[in-house]
Amino acid sequence: MAATVTADGRARVLADGNEIPLLALGVWQVPEGPETENAVRWALELGYRHIDTAQAYRNERSVGKALRDSGVPREEVFVTTKFYPGGGKDAETEAQRSLERLGVEFVDLYIIHWPQGGPTWAWDGMQRAQAAGYARSIGVSNFSVSELDALIEVADSRPVVNQVQFSPFEFRRGLLEACEEREIALEAYSPLGTGRHLDDPRVGEIAKRLGRTPAQVLIRWAVQRSLIVLPKSTHRERIEENAQVFDFALTDEDMTTLDSLDHTGGTAAARESKWW
Ligand code: A2P
């Protein structure tokens, strides 16, 4: 199924009908306190309308504080958090705890962080969290194709996103195609390879020719594929730079060059793998 992107090219319509902004600020590994508060507040000031956190990040309180301090109305910001599956707890109960920490009445998206303990056991709690109004949409993260299929088999309502590490260097076409076929939007975390991909000369060449930065090229590659993309930064100028990806386009040739950087291996298994 082709992704439905909104007229302004900045958001995508999920299978459940909810709209999700393509660009998010990710706050993985950003400690609770001023660092998270500043990054989120700056992002909101600079026009981001999607923040991606998780119970395991332990910074939901700071995300919530920055949301309130920003003065941006709650309904204008898409907030994602993730269920931590390591403790074997109930996803609905844990959603309530997240809402308390965030200081919001609902999250826009609630995701199983990874399929620990198997891909299906937590889904009932996720569905209850959605039915209770704690989450508008529900999805998963770090799921392989077979894990998605195992979940779909038992789910009353299927996940609408799968958040995985994804970039030109971790370009698992099989996983992307399988997600699209199942009407599951792919969310790309670590789109800069946690910074490692920024020094690649082939990315640098494209950036130089376009008068852009390597980070913008990598983020644009995801946006141009209608993927949801979650670059992380704690620096204001980088947060600003990473958002300037809607006023230029990569050529077909640039896209082909970037696609060819995939280093996850050519085997069918690698192409569908959730890990790189
Ligand atoms: P910092 O948070 O210190 O700004 P990813 O999104 O792939 O996980 O990458 C995040 C890493 O890339 C972080 O170390 C972040 O550093 C760095 N980073 C994010 N945006 C930029 C940018 N525009 N230029 C250079 N480094 C960046």
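Located above this text is the structure these notes cover.
Cut-offs applied
- Residues numbered from 1 in each chain as written.
- Predicted model: local features only at pLDDT ≥ 70, side-chain atom pairs only at ≥ 80, totals over all residues.
- Heavy atoms only, no water.
- Salt bridge = Lys/Arg side-chain N within 4 Å of Asp/Glu carboxyl O.
- Helix = DSSP H or I, 4+ residues; strand = E, 2+ residues; numbered from the N terminus.
- Buried < 20%, exposed > 50% of the residue type's maximum accessible area, 1.4 Å probe, protein only.
- Axes fitted to C-alpha atoms, helices over the stretch in contact; angles between N-to-C directions.
- Parallel < 35°, antiparallel > 145°, perpendicular 65-115°, else oblique.
- Left-handed = near helix turned anticlockwise from the far one by under 90°.
- Contact = heavy atoms within 4.5 Å.
- Nonpolar A, V, L, I, M, F, W, Y, C, P; charged D, E, K, R; others polar.

(A) Focus on the pattern of salt bridges. On inspection of all chains with the given rule, the structure shows 20 salt bridges. Between Asp52 and Lys82 there is a salt bridge, with its nearest N and O atoms 2.5 Å apart. You can see Asp52 sitting in strand β5 (residues 50–52) and its partner Lys82 sitting in strand β6 (residues 78–83), a full 30 residues away along the chain. Each member of the pair, Asp52 as well as Lys82, is classed as buried. Arg196 is the salt-bridge partner of Glu170, the closest N and O atoms lying 3.8 Å from each other. Highlighted residues: Glu170 in the loop between β9 (161–165) and α6 (173–181) and Arg196 in the loop between β10 (185–189) and α7 (201–210), separated in sequence by 26 residues. In this structure Arg196 comes out as partly exposed when scored by relative accessible area, which is 44%. Overlapping salt bridges, with partners in common, bring together Asp90, Glu92, Asp124 and Arg128 in one network.

(B) Structural view of the packing of helix α1 (residues 34–45) against helix α2 (residues 60–70). Between α1 and α2, the shortest axis-to-axis distance is 8 Å and the interhelical angle comes to 40°. It follows that α1 is oblique to α2 by the angle criterion. Between α1 and α2 lies a crossing whose hand is right-handed. When α1 is examined against α2, the residues Thr36, Glu37, Val40, Arg41 and Leu44 are found in contact with a partner set consisting of Ser62, Val63, Lys65, Ala66, Leu67, Asp69 and Ser70. When the residues that make up the contact of α1 with α2 are grouped by side-chain class, the tally is five nonpolar, three polar and four charged.

(C) Region of interest: the packing of helix α3 (residues 91–102) against helix α4 (residues 123–131). At their nearest, the axes of α3 and α4 sit 7 Å apart, and the two run at 50° to each other. Judged by the inter-axis angle, α3 sits oblique to α4. Within the contact between the two elements, α3 uses Ala91, Glu92 and Ala95 and α4 uses Gly125, Met126, Arg128 and Ala129. Residues that form the contact of α3 with α4 fall into these classes: four nonpolar, one polar and two charged.

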